[in-house]
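Geometric and topological summary
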Amino acid sequence: MNWLRLYVEMAGDRKLRRLPPAQRWLWVTVLTLARQSPEPGRLLMGDRVAITEDDLPDLAAISKAHVAAGLAAFAEQRMLHPERGGVLVVTNWNKRQYVSDDVTKRVAKYRNGKRLWNVTRTLLKRPQR
């Protein structure tokens, strides 16, 4: 399952709060598209096929006017920028959407350590005969 980090500070972020709701939704759509991209953080549909401003109204289910205004606002706020070939890139993607460690292994290690600690603690509490 693919997932995306959304930070709780988004709700109070001044850059986003200044935008109309349709453009806030566009930002969430942009983030999900950037996550699904073959090169995460870059708005690509496939290998070297850029998602364009014309694709976004349908994908975000908002008007072309909201998309145009939203992209301009994102660029102005340095949230999104164009790169080679006009591909749109989410600024600071790798900083905010870093690759995590293997949570399953980390939790298993923690639980095993806790289990051993509980056994030792229980044995120490038992009265000596």
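Residues numbered from 1 in each chain as written. Predicted model: local features only at pLDDT ≥ 70, side-chain atom pairs only at ≥ 80, totals over all residues. Heavy atoms only, no water.

1. Structural notes on the packing of aromatic side chains
In this description, a pair of aromatic rings is defined by centroid distance and the angle of the planes. As a reminder, the rule being used: Any two rings among Phe, Tyr and Trp, with Trp reduced to its six-membered ring, count as a pair given centres within 6.5 Å; such a pair is stacked if its planes are under 30 degrees apart, edge-to-face if over 60, and tilted if neither. A ring has a charge above it when a Lys NZ or an Arg CZ is no more than 6 Å from the ring centre and no more than 35 degrees off the ring normal.
This model, assessed by the stated rule, comprises one aromatic pair. Positioned above the aromatic ring of Y7 is the side chain of R96, whose terminal nitrogen or guanidinium carbon lies 4.0 Å from the ring centre.

2. Section: the side chain of Q23
Put simply, the test is: Secondary structure elements are taken from DSSP: a helix is a run of H or I of four residues or more, a strand is a run of E of two residues or more, and numbering for both begins at the N terminus. Should any heavy atoms of two residues lie within 4.5 Å, those residues are considered in contact.
Secondary-structure assignment places Q23 in helix α2 (residues 21–36). In this structure Q23 touches H66, A69, G70, A73 and F74, once residues within four positions along its chain are discounted.

3. Observations regarding the side chain of R42
Just so we agree on the cut-off: With a 1.4 Å probe rolled over the protein chains alone, any residue whose accessible area is under 20% of its type maximum counts as buried; one over 50% counts as exposed, and the rest are partly exposed. Here a polar contact means two N or O atoms within 3.5 Å. Within protein one must be a hydrogen donor candidate and the other an acceptor candidate, and residues neighboring in sequence count only if both atoms are side-chain atoms.
Mapped onto the elements, R42 comes out in the loop between α2 and β1 (44–46). Residue classification places R42 among the buried positions, given a relative accessible area of 8%. Within polar-contact distance, the side chain of R42 engages the side chain of E39 at 2.7 Å. For R42, the contacting residues outside a window of four places in its chain are A34, S37, R48, E83, R84, V87, L88 and V89.

4. Structural notes on the pattern of salt bridges
Using the following cut-off: Counted as salt bridges are all cases of a side-chain nitrogen of Lys or Arg within 4 Å of a carboxyl oxygen of Asp or Glu.
In total, this model carries four salt bridges according to the counting rule given. In this structure, E83 and R42 form a salt bridge, with 3.5 Å as the shortest nitrogen-oxygen distance. Taken together, the residues span a long stretch of sequence, with E83 in the loop between β3 (80–82) and β4 (88–90) and R42 in the loop between α2 and β1 at a distance of 41 residues. Connected via shared salt-bridge partners are E39, R42, R48 and E83.

5. Here we look at the nonpolar core
A general feature of soluble globular proteins is that nonpolar side chains tend to end up buried together. To keep things clear, this is the line we draw: Put simply, buried Ala, Val, Leu, Ile, Met, Phe, Trp, Tyr and Cys residues joined by side-chain atoms within 4.5 Å make one nonpolar core.
By size, the foremost hydrophobic cluster in this structure holds 23 residues, and its most contacted members are L26, W27, V30, F74 and V90. Elements with a contribution of two residues or more to this core: α2, α3 (56–60), α4 (64–76) and β4. By residue number, the principal contributor to this core is α2, which donates seven residues. If we skip the residues at most four places from it in the chain, L26 touches L56, A60, I62, H66, V67, G70, L71 and F74.

6. Quick look at a positive patch on the surface
So the rule is basically this: Like charges are joined within 9 Å and nonpolar side chains (Val, Leu, Ile, Met, Phe, Trp, Tyr) within 5 Å, but only among residues with over 30% relative accessible area and no salt bridge; these make up the patches. Under the convention used here, a 1.4 Å probe and the Shrake-Rupley method define accessible areas, while residue burial counts only the protein chains that appear. In this tally Asp and Glu are treated as negative and Lys and Arg as positive; neither His nor the chain ends contributes. Where a charge lies is defined by one atom per residue type: Lys uses NZ, Arg uses CZ, Asp uses CG and Glu uses CD.
Where like charges cluster on the molecular surface, the positive patch consists of R14, R17, R18 and R24. With respect to the element layout, R14 can be found in helix α1 (residues 14–17). Overall, the relative accessible area of 63% leaves R14 in the exposed class.

7. Structural notes on α2
Put simply, the rule is: Given the number of residues in a helix, its expected span is that number minus one, multiplied by 1.5 Å.
Look at α2: 23 Å from first C-alpha to last across 16 residues, which is about the 22 Å you get at 1.5 Å a residue. All buried positions along α2 are accounted for by A22, Q23, L26, W27, V28, T29, V30, L31, L33 and A34. Looking at the buried residues of α2, the elements they touch are α1, α3, α4, β3, β4 and α5 (93–96).

8. A closer look at the layout of surface pockets
Put simply, the rule reads: Detection works on a 1 Å grid of protein atoms alone, calling trapped sets that fit a 1.4 Å probe cavities and calling open sets with protein on both sides within 12 Å along at least five of seven lines pockets, with lining residues defined by an atom within 4 Å of a point. Grid points are joined across faces, edges and corners, and a volume is the space filled by probe spheres set on the points. Under the grouping applied here, Gly and all other residues not named as nonpolar or charged are polar, the nonpolar ones being Ala, Val, Leu, Ile, Met, Phe, Trp, Tyr, Cys and Pro and the charged ones Asp, Glu, Lys and Arg.
Size it by volume and the largest pocket reaches roughly 420 Å³. Surrounding the largest pocket, 18 residues form its lining, D13, W27, M79, T91 and R96 being those nearest its centre. For the lining of the largest pocket, the elements supplying multiple residues, two or more each, are α1, α2 and α5. A class-by-class count of the residues in the lining of the largest pocket yields nine nonpolar, three polar and six charged.

Read these as layout, nothing more, since geometry by itself doesn't imply function.
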